[in-house]
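Okay, here's what each chain looks like letter by letter:
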Amino acid sequence: MNAQERYQEWLTKLPDGSDMKKELLAIAGNEAEITDRFYQEIVFGTAGLRGICGAGTNRMNELTVGRATQGLAALRHRFWRETGSKPISSRRFARRRSFRMRCGSWDAPPEST
């Protein structure tokens, strides 16, 4: 699947009125921007996921972070099933408000935390 096809797939699947869909509609016709956002999946490197916050497969957003989290959970589950032992623990990133990443804005933490 090429970048334009991924872009069209996201436009089709995102709910009308969502911030990500609005962001993608705003770049309609801009081939360079569409290609930059969709030519690859965001890379999980030694420092974790890092990238520009925005809509697209090559951006930090709820969908790409969720996909990486699901992949890590599947890996841990497979490790437990195959070895019978627990893998190393994973930790939350300590940066302020990292528990609630939103594309383009940060939600204030609950008062109780």
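Scroll up to find the structure this text is about.
One structure accompanies this document, and this report is about it. (Residues numbered from 1 in each chain as written. Predicted model: local features only at pLDDT ≥ 70, side-chain atom pairs only at ≥ 80, totals over all residues. Heavy atoms only, no water.)

## A few points about the nonpolar core
In step 1: Within the largest apolar cluster, eleven residues are counted, these being Ala3, Tyr7, Trp10, Leu11, Leu14, Met20, Leu24, Ile27, Ile34, Phe38 and Ala55.
In step 2: Ranked by residue count, the leading element in this core is helix α1 (residues 3-13), at four residues.
In step 3: For Ile27, the contacting residues outside a window of four places in its chain are Tyr7, Glu33, Ile34 and Arg37. (Core = buried A, V, L, I, M, F, W, Y, C linked by side-chain atoms within 4.5 Å. Buried < 20%, exposed > 50% of the residue type's maximum accessible area, 1.4 Å probe, protein only. Helix = DSSP H or I, 4+ residues; strand = E, 2+ residues; numbered from the N terminus. Contact = heavy atoms within 4.5 Å.)

## Things to note about the side chain of Arg59
In step 1: Relative to the helices and strands, Arg59 resides in the loop between β2 (48-49) and α4 (62-83).
In step 2: A polar contact is formed between the side chain of Arg59 and the side chain of Asp36, at a distance of 2.7 Å.
In step 3: Leaving out residues up to four positions away in the same chain, Arg59 has contacts with Glu33, Asp36, Arg37, Ile42, Ile52, Gly54 and Thr64. (Polar contact = N/O pair within 3.5 Å; in protein donor to acceptor, adjacent residues only side chain to side chain.)

## So, helix α2 (residues 19-26)
In step 1: Regarding α2, the residues found buried are Met20, Lys21 and Leu24. Down the axis of α2, the buried set is contained in an arc of 100°. They therefore lie on one face. Along α2, exposed side chains directed more than 90 degrees from the buried face belong to Asp19, Lys22, Leu25 and Ala26.
In step 2: Residues of α2 that are buried in the fold lie against α1, α3 (31-38) and α4. (Arc of directions from axis to C-beta.)

## Description of the packing of α1 against α2
In step 1: Look at α1 against α2: their axes get within 9 Å of each other, and the N-to-C directions meet at 140°. With respect to their mutual orientation, α1 and α2 come out oblique. Here α1 and α2 pass one another in a crossing that is left-handed. On α2, the residues that touch Tyr7, Trp10 and Leu11 of α1 are Met20, Lys21, Leu24 and Leu25.
In step 2: In the contact of α1 with α2, the residues fall into six nonpolar, no polar and one charged. (Axes fitted to C-alpha atoms, helices over the stretch in contact; angles between N-to-C directions. Parallel < 35°, antiparallel > 145°, perpendicular 65-115°, else oblique. Left-handed = near helix turned anticlockwise from the far one by under 90°. Nonpolar A, V, L, I, M, F, W, Y, C, P; charged D, E, K, R; others polar.)

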